[in-house]
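# Coordinate inspection notes
Below are the chains, spelled out letter by letter.
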Amino acid sequence: MTQTEQTFYDAIGGHDTIKAIVDTFYEGVAEDEVLRPMYPEEDLAAAAHRFTMFLEQYWGGPTTYSEQRGHPRLRMRHVSFVVDERARDHWLKHFRAALDKADLSPEHDAQFWAYVQHAAQFMVNAPG
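The paragraphs below set out a description of the structure included in this document. (Residues numbered from 1 in each chain as written. Predicted model: local features only at pLDDT ≥ 70, side-chain atom pairs only at ≥ 80, totals over all residues. Heavy atoms only, no water.)

To continue, consider the overall build of the protein. A count of helices and strands for the protein gives seven helices and zero strands. In sequence order, the secondary structure elements of the protein are arranged as α-α-α-α-α-α-α. Here the protein holds 128 residues, and 43% of them are scored as buried. Nonlocal contacts in the protein, meaning residues at least 24 apart in sequence, comprise 66% of its contacts between residues at least 6 apart. As displayed, the protein has an accessible area near 7,500 Å², and 53% of this comes from carbon and sulfur atoms. (Helix = DSSP H or I, 4+ residues; strand = E, 2+ residues; numbered from the N terminus. Buried < 20%, exposed > 50% of the residue type's maximum accessible area, 1.4 Å probe, protein only. Contact = heavy atoms within 4.5 Å. Areas by Shrake-Rupley, 256 points an atom, 1.4 Å probe, with all protein chains shown as cover.)

Every α-helical turn comprises 3.6 residues, leaving residues that sit three or four positions apart pointing alike. For helix H2 (residues 14-30), built from 17 residues, the straight-helix expectation of 24 Å at 1.5 Å per residue is met to within 8% by its first-to-last C-alpha distance of 24 Å. Taken as a whole, H2 has its buried residues at Gly 14, Thr 17, Ile 18, Ile 21, Val 22, Thr 24, Phe 25, Tyr 26, Gly 28 and Val 29. Looking at the packing, one finds that the buried side of H2 touches helix H1 (8-11), helix H3 (45-58), helix H6 (85-102) and helix H7 (106-123). (Expected span 1.5 Å × (residues − 1).)

Right, let's talk about the nonpolar core for a bit. Counting 37 residues, the largest nonpolar core has Phe 25, Tyr 26, Phe 51, Leu 55, Trp 91, Phe 95 and Phe 112 as its most contacted members. Among the elements of the structure, H1, H2, H3, H6 and H7 are those that each provide at least two residues to this core. If one sorts the elements of this core by residue count, H7 sits on top with seven residues. Sequence-distant contacts of Phe 112, defined by excluding residues within four places in its chain, comprise Phe 8, Ile 12, Ile 18, Ile 21, Leu 55, Trp 59, Phe 95, Leu 99 and Leu 104. (Core = buried A, V, L, I, M, F, W, Y, C linked by side-chain atoms within 4.5 Å.)

For the rest of this paragraph, the subject is unusual backbone geometry. It is generally the case that most residues other than glycine have a negative phi and that most peptide bonds are trans. Of note in the backbone geometry, Asp 103 takes a positive phi value of approximately 55 degrees without being a glycine. Within the secondary structure, Asp 103 is located in the loop between H6 and H7.

What follows covers the pattern of salt bridges. Applying the stated criterion to the full structure yields six salt bridges. Linking Asp 109 and Arg 96 is a salt bridge whose minimum nitrogen-to-oxygen distance equals 2.6 Å. Of this pair, Asp 109 sits in helix H7 while Arg 96 sits in helix H6, and the two are 13 residues apart along the sequence. Taken together, the salt bridges that share partners define one network made up of Arg 96, Asp 100 and Asp 109. (Salt bridge = Lys/Arg side-chain N within 4 Å of Asp/Glu carboxyl O.)

Below is the structure:
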């Protein structure tokens, strides 16, 4: 990468932007009747921290996620949860709200949203 090239992570504002997106996402999850039961912790802070690290790494930021947790193996880590289309749609609703609040450039928003939609569909592991 040349000095003029910027990672997606840096281009959208780095840690502060990713953390703001994740915080807004989990504000929605905390009140969601479908998603909240999937989180055994009373406090969602640990889940939010893991998700922040994952997204930072995915978008070209620090590799802290892999250093602390190994390969993401998303489907394996979520196999104990029933993720059907309803759960996917609720997850996407909260992520869309988080991206809207982040007010990224249209290009960055479209790229982030495309990834999120793909990832959400990939996680579906149950009919309905």
